[in-house]
Amino acid sequence: MSDFTLNADIRHDLGKGASRRLRRANQQVPAVVYGGTQEPQSISVEKTAFYKAIEDESFFSSVITLVIEGKKQQVVVRDLQRHPFKPLLTHADFLRVDATHEITMNVPLHVTGDDTCVGIKDQDGELHILANEVAISCLPKDLPDYLEIDISAVEVGTTLHLSDLHLPAGVTSVDLSHGEDHDNAILNVTKVKVRGGGDDDEESGDSEGESTEGDNAE
């Protein structure tokens, strides 16, 4: 699990106007932290460190240490609001986590072995990734940055499902917890489809030949 720490201040000046002024100051990002036994709290997060953190994919599937005026809270990101056309964060939602209670998160799915995959390298197959992330449930301490699946031995015509993932200890699939009917496909390797075929070419050639003969006969 990656280690991220963000510094924040309590916001006493609230409302849309206050948030706009905060963003215009270009130093902090308006946010809220909620959950657990405490009341929701409006905060502002130090911008530079926040923007650097979100460049890392694992930030979105990690437990983050949020330091609010010197006091630490363990949180996860629940939502980020972005400007419609500028590369700016306009607001963030953080959820407090309890070390003794499981949390549900979407974590990235990383595919490895595609450069040596039997179905791709030796059987002219094509990889189709059907899921980029997987919903899991676990205690905060067991939260992985991502899940990994090796497809080096996968052959053409094979489809891998959630049940094919090797989950870390303490981690369960949210979908599979609802039963086998929810064992969703995550990727497959299929034969590359070739448009057009020899038969079509031959038929086309025959037709052209017949037309030419007819013209010569005239």
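Caption draft 1: Local environment of the pattern of salt bridges. Scanning the model with the defined rule gives 1 salt bridge in all. In this structure, Asp 142 and Lys 141 form a salt bridge, with 3.1 Å as the shortest nitrogen-oxygen distance. By relative accessible area, Lys 141 is classed as exposed at 62%.

Caption draft 2: Looking closely at the side chain of Ser 137. Mapped onto the elements, Ser 137 comes out in strand β9 (residues 133-138). Since its relative accessible area comes to 12%, Ser 137 is described here as buried. A distance of 2.9 Å separates a polar atom in the side chain of Ser 137 from a polar atom in the side chain of Glu 102. Leaving out residues up to four positions away in the same chain, Ser 137 has contacts with Glu 102, Ile 103, Thr 104, Gly 170, Val 171, Thr 172 and Val 174.

Caption draft 3: Highlighting the confidence of the model for the chain. Looking at the chain as a whole, the pLDDT averages 87, with 82% of positions reaching at least 70. Note on residues 207-214: pLDDT is under 50 here. Beyond four places in sequence and across chains, it has 0 contacts.

Caption draft 4: View of the sheet that holds β9. Within the open sheet, the 4 strands sit side by side as β10-β7-β9-β12. Their pairing is mixed. Edge positions in the open sheet fall to β10 (147-150) and β12 (172-173), since each of these has one partner strand only. Sheet topology places strand β7 (residues 103-112) next to β10; 4 bridges connect them, and they run parallel. Along β10, the bridge assignment pairs Thr 112 with Asp 150.

Caption draft 5: View of the packing of aromatic side chains. For the structure shown, the criterion picks out 4 aromatic pairs. On the basis of an interplanar angle of 55° and a centroid distance of 6.1 Å, the ring pair of Phe 50 and Phe 59 is categorised as tilted. Neither Phe 50 nor Phe 59 differs from the other in exposure class; each is buried. Both rings, one in Phe 59 and one in Phe 60, keep their centres 5.4 Å apart while their planes meet at 85°; by these two values the pair is edge-to-face. On the basis of relative accessible area, Phe 59 is assigned to the buried category, the value being 0%.

Caption draft 6: Seen up close, the nonpolar core. Counting residues in hydrophobic clusters, the biggest one holds 25 residues, and the most contacted among them are Ile 136, Leu 143, Leu 165 and Ile 186. Those elements giving two or more residues to this core turn out to be β7, β9, β10 and β13 (185-191). In terms of residue count, the dominant contributor to this core is β7 (4 residues). Setting aside its immediate chain neighbours within four residues, Ile 136 contacts Ile 103, Thr 104, Met 105, Val 107, Leu 143, Pro 144, Leu 147, Val 171, Thr 172 and Val 174.

Conventions we followed
Along each chain, numbering runs from 1 in the same order as the chain's sequence is written. In keeping with the model being predicted, local features are shown solely for residues with a pLDDT of at least 70 and side-chain atom pairs are shown and tallied solely at 80 or more, while totals for entire chains, interfaces and linings include all residues. Excluded from the side-chain calculations are hydrogens and water; all other atoms, namely the structure's heavy atoms, are used. Salt-bridge detection follows one rule: a side-chain nitrogen of Lys or Arg within 4 Å of a carboxyl oxygen of Asp or Glu. Any residue under 20% of the maximum accessible area for its type is buried, any over 50% is exposed, and the rest in between are partly exposed; the area is computed with a 1.4 Å probe on protein chains only. To qualify as a helix, a DSSP run of H or I must reach at least 4 residues; to qualify as a strand, a run of E must reach at least 2; elements of each kind are numbered from the N terminus. In protein, a polar contact means a hydrogen-donor-capable atom and an acceptor-capable atom, both N or O and within 3.5 Å, with residues adjacent in sequence counting only if both atoms are side-chain atoms; elsewhere, any N or O pair within 3.5 Å suffices. When checking whether two residues touch, look at their non-hydrogen atoms; a contact exists if any pair is within 4.5 Å. Values of pLDDT, which run from 0 to 100, indicate the predictor's confidence residue by residue. A pair of strands is treated as paired once DSSP finds two or more bridges between them. Side-chain rings of Phe, Tyr and Trp (the six-membered ring for Trp) are treated as a pair once their centres are within 6.5 Å; stacked means planes under 30 degrees apart, edge-to-face means over 60, and tilted covers the remaining angles. Among the buried residues, those of types Ala, Val, Leu, Ile, Met, Phe, Trp, Tyr and Cys that are joined through side-chain atoms within 4.5 Å form a nonpolar core.

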